[in-house]
Amino acid sequence: MSVSLAVRRPTGYGGTALRFVDEKRAVYVHGAGAVVLDVSTGDVDFFVCGGARGVSCVAASPNTGTLAVAKRERNPCIQVYQYPTKRLKASLRGGTDLEFVDMAFSRDGTQLAAIAALTDYKFTIWNVEDGSVVVQAKLPQSCVGVAFDPSSTADLATWGKHGVYFWKVKAVMGERELTSIKGELPDEDMVKDAMREDGDSGSGNEDGEDSADSDSEDEYGDGAAADERQADTEMEHDLQRRLGVFTAAAYGPDGSLYAANSTSAISVYDGSTGTITRSIVVDCAEECSGMALTRTHLITLWKDGMVRWIGVDDGLAIERLATTFQPSAGVTPKALSAIAIGPKFDMALVGTEDGSLHEFRVVSVDADAEAEVTVPHILQIGRASCRER
């Protein structure tokens, strides 16, 4: 599918995460504060709320009309605002000594989870209403993302370059504690097979040997063969490492987590056990940089500048690649960096590293329709330039 866009640069957008505050407005980090973009008009509402070094991340709850801003400073405070009044609702403290990496509201907006980077790698959940810490733990490894299971305030997931972790808040002896399960990795042979089909591994016989290999060994001796084996070993280790590097994830409504690693494999996890129920390897040499679920499709962003729609059935099992399009107006954009889906699942906002934003609307398709007509319809892309007010 080919889509033409009229893209204009919004004020101050730098490829950071996007979060919808309500049906028509999204928030993102901008310098010393946060910007709320009205997607329907292109208007920008900027307000300073950061620390001495600006803001590290934001989160929003469409159900309660609140947004959270994490200051970038020593012992940072997370400020929770009611929007559009900008009334300070809560100041959340004690989450880290240096910087927050990511935050997420529970679906009902009553709790906020945040993960920290160096030096303490803390994982904290607060009660937004009274500002108290519900529970706190230390991440087993550094992570880049956090999300609540939309059906529960006691189940969450974190992910990053060391894997996917599933967390549960439990009451033990009258106290709450966080326990975690590490998710299993995608099947290595499945990824290798997909790479061979794409031509990434070259051609060979059933034993994985190529006739040219034998020729090179005869001509150049054991040294060349040893170098080739060393190269194969290094590639094998690199593949094993990339299997555990997760770059994007999103929850489905039934507690399943969709997660993409740097091998272009997307897996569906059972959040209660950390096991993979279904996987697909996308034909893309670049990493997945973001994903979001509509009612019928998983929308994925890729570093090659493409948006790929993957169909999901009623059981939220990955079906197939539904369609692909490139959000540009005759010019290949820089890598896509962020995506947010509106609370009604009818609108998506996509951001790029070069500072452009692309808005499009999605028409839900009939679940009983034939596969050939399950391609989402793109109604409009590229809004007017932002105006600061």
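Residues numbered from 1 in each chain as written. Predicted model: local features only at pLDDT ≥ 70, side-chain atom pairs only at ≥ 80, totals over all residues. Heavy atoms only, no water.

1. Section: the side chain of Thr96
Let me state the cut-off plainly: Helix and strand labels come from DSSP, where a helix needs a run of H or I of at least four residues and a strand needs a run of E of at least two; each type is numbered from the N terminus. Relative accessible area decides the class of each residue, using a 1.4 Å probe on protein chains only: under 20% of the type maximum gives buried, over 50% gives exposed, and in between gives partly exposed. Two N or O atoms count as a polar contact when they lie within 3.5 Å, although within protein this holds only if one can serve as hydrogen donor and the other as acceptor, and sequence-adjacent residues are included solely when both atoms are side-chain atoms. It only takes one pair of heavy atoms within 4.5 Å for two residues to be counted as in contact.
Relative to the elements of secondary structure, Thr96 occurs in the loop between strand E8 (87-92) and strand E9 (100-105). With a relative accessible area of 6%, Thr96 lands in the buried category. In this structure the side chain of Thr96 is engaged in a polar contact, spanning 3.4 Å, whose partner is the backbone nitrogen of Leu98. Among the polar contacts made by the side chain of Thr96, one reaches the side chain of Asp120 at a distance of 2.9 Å. If near-sequence neighbours (up to four positions away) are discounted, Thr96 is found in contact with Asn75, Pro76, Ala116, Asp120 and Lys122.

2. Regarding the sheet that holds E8
Selection criterion: One requirement defines pairing of two strands: DSSP has to find at least two bridges between them. Inter-axis angles, ranging from 0 to 180 degrees, are taken between N-to-C directions of lines fitted to C-alpha atoms, where helices are fitted over the stretch in contact.
Spatial ordering of the open sheet is given by E5-E6-E7-E8, a layout of four strands whose pairing is antiparallel. For this open sheet the edge positions go to strand E5 (55-61) and E8, each flanked by a neighbour on one side alone. Between one strand axis and the next, the sheet turns through 20° on average, direction left out of account. Summarising the sheet, E5 and strand E6 (residues 66-71) pair through six bridges and their orientation is antiparallel. The residue bridging Val55 from the neighbouring strand is Lys71, located in E6.

3. Examining helix H1 (residues 188-197)
Selection rule: By arc we mean the arc of the directions from the helix axis to the C-beta atoms, nothing more.
For H1, every residue scored as buried is listed here: Glu188, Val191, Lys192, Ala194 and Met195. Taken end-on, H1 shows its buried residues confined to a sector of 160°, consistent with a single buried face. Buried positions along H1 lie against helix H3 (222-243), strand E19 (265-270) and strand E20 (275-281). Capping of H1 at its N-terminal end is provided by Asp187; its side-chain oxygen lies 3.2 Å from the backbone amide nitrogen of Asp189.

4. Notes on the pattern of salt bridges
The criterion, for reference: Each reported salt bridge corresponds to a side-chain nitrogen of Lys or Arg within 4 Å of a carboxyl oxygen of Asp or Glu.
Using the criterion set out here, one finds 13 salt bridges in the structure. In this structure, the salt-bridge partner of Glu23 is Lys344, at a minimum N-O distance of 3.5 Å. You can see Glu23 sitting in the loop between strand E1 (19-20) and strand E2 (25-30) and its partner Lys344 sitting in the loop between strand E25 (336-341) and strand E26 (347-352), a full 321 residues away along the chain. The class for Glu23 is partly exposed, based on a relative accessible area of 46%. One salt bridge connects Asp238 with Arg242, and the closest N-O pair in it is separated by 3.9 Å. Of this pair, Asp238 and Arg242 both sit in helix H3, four residues apart, which is roughly one turn of that helix.

5. Thoughts on the packing of aromatic side chains
Convention followed: Pairing of aromatic side chains requires ring centres within 6.5 Å, counting the rings of Phe and Tyr and the six-membered ring of Trp. Pairs whose planes differ by under 30 degrees are stacked, by over 60 edge-to-face, and all others tilted.
Using the criterion set out here, one finds five aromatic pairs in the structure. For the pair Tyr13 and Tyr28, a centre-to-centre distance of 4.9 Å together with 80° between the ring planes defines the contact as edge-to-face. You can see Tyr13 sitting in the segment before E1 and its partner Tyr28 sitting in strand E2, a full 15 residues away along the chain. Owing to a relative accessible area of 5%, Tyr13 belongs among the buried residues under this scheme. Seen in terms of ring centroids, Phe166 and Tyr269 are 5.5 Å apart; in terms of plane orientation they differ by 50°. Their pairing is tilted.

6. Thoughts on the environment of Arg93
Secondary-structure assignment places Arg93 in the loop between E8 and E9. When the C-alpha positions of Arg93 and Ser132 are compared, they lie 8.6 Å apart, and in sequence the two are 39 residues distant. With residues near it in sequence (within four places) discarded, Arg93 still touches Cys77, Trp126 and Val133.

7. Examining the confidence of the model for the protein chain
Under the convention used in this document: The predictor rates its confidence in each residue with pLDDT, a number between 0 and 100.
For the protein chain, per-residue confidence averages 80 on the pLDDT scale, and 78% of positions sit at 70 or higher. Segment residues 1-10 is flagged for pLDDT under 50; beyond a separation of four residues in sequence, or across chains, it makes 33 contacts in the model. With pLDDT under 50 throughout, residues 364-389 is counted as low confidence; its partners more than four residues away or in other chains account for 68 contacts.

8. Regarding the environment of Ala90
Within the secondary structure, Ala90 sits in strand E8. In this structure the C-alpha to C-alpha distance between Ala90 and Ser132, which are 42 residues apart in sequence, comes to 9.7 Å. If we ignore the near neighbours within four places in the chain, the residues touching Ala90 are Ile78, Gln79, Val80 and Val128.

9. Comments concerning the pairing of strand E13 (residues 145-148)
A two-sided burial pattern is seen for E13, the buried positions comprising Gly145 and Ala147 on one face and Val146 and Phe148 on the other. Inspection of the sheet shows E13 paired to strand E14 (residues 155-160) by four bridges, in the antiparallel sense. Opposite Val146, over in E14, you have Thr158 as the bridge partner. Hairpin remark: E13 followed by E14, antiparallel, with six residues in the connecting loop.

10. Overview of the pairing of strand E22 (residues 297-302)
By the criterion of burial, E22 is predominantly enclosed, with six of the six residues buried. Alternating residues of E22 divide into His297, Ile299 and Leu301 and Leu298, Thr300 and Trp302, and every residue in both groups is buried. In this sheet, E22 lies alongside strand E21 (residues 288-293) in antiparallel orientation, the contact comprising five bridges. For Ala292, the partnering residue across the bridge sits in E22 and is Ile299. Count of turn residues in the E21/E22 antiparallel hairpin: three residues. Across five bridges, the pairing between E22 and strand E23 (residues 307-312) is antiparallel. Within E23, the residue paired with His297 across the bridge is Gly311.

11. Remarks on the packing of H1 against H3
The criterion, for reference: Should an angle fall under 35 degrees it is called roughly parallel, over 145 degrees roughly antiparallel, and 65 to 115 degrees roughly perpendicular, with every other angle called oblique. The crossing is said to be left-handed when, going from far helix to near helix, the turn is anticlockwise and less than a right angle, and right-handed when the turn is clockwise. For this scheme, ten residues count as nonpolar: Ala, Val, Leu, Ile, Met, Phe, Trp, Tyr, Cys and Pro. Four count as charged, namely Asp, Glu, Lys and Arg, and the remainder, Gly too, count as polar.
The N-to-C vectors of H1 and H3 enclose an angle of 115°; their axes lie 11 Å apart at closest approach. By the angle class used here, H1 and H3 are roughly perpendicular. Judged by the twist between their axes, the crossing of H1 over H3 is right-handed. Between H1 and H3, the residues in contact are Glu188, Val191, Lys192 and Met195 and Glu236, Leu239, Gln240, Arg242 and Leu243, respectively. Partitioning the contact of H1 with H3 into residue classes produces four nonpolar, one polar and four charged.

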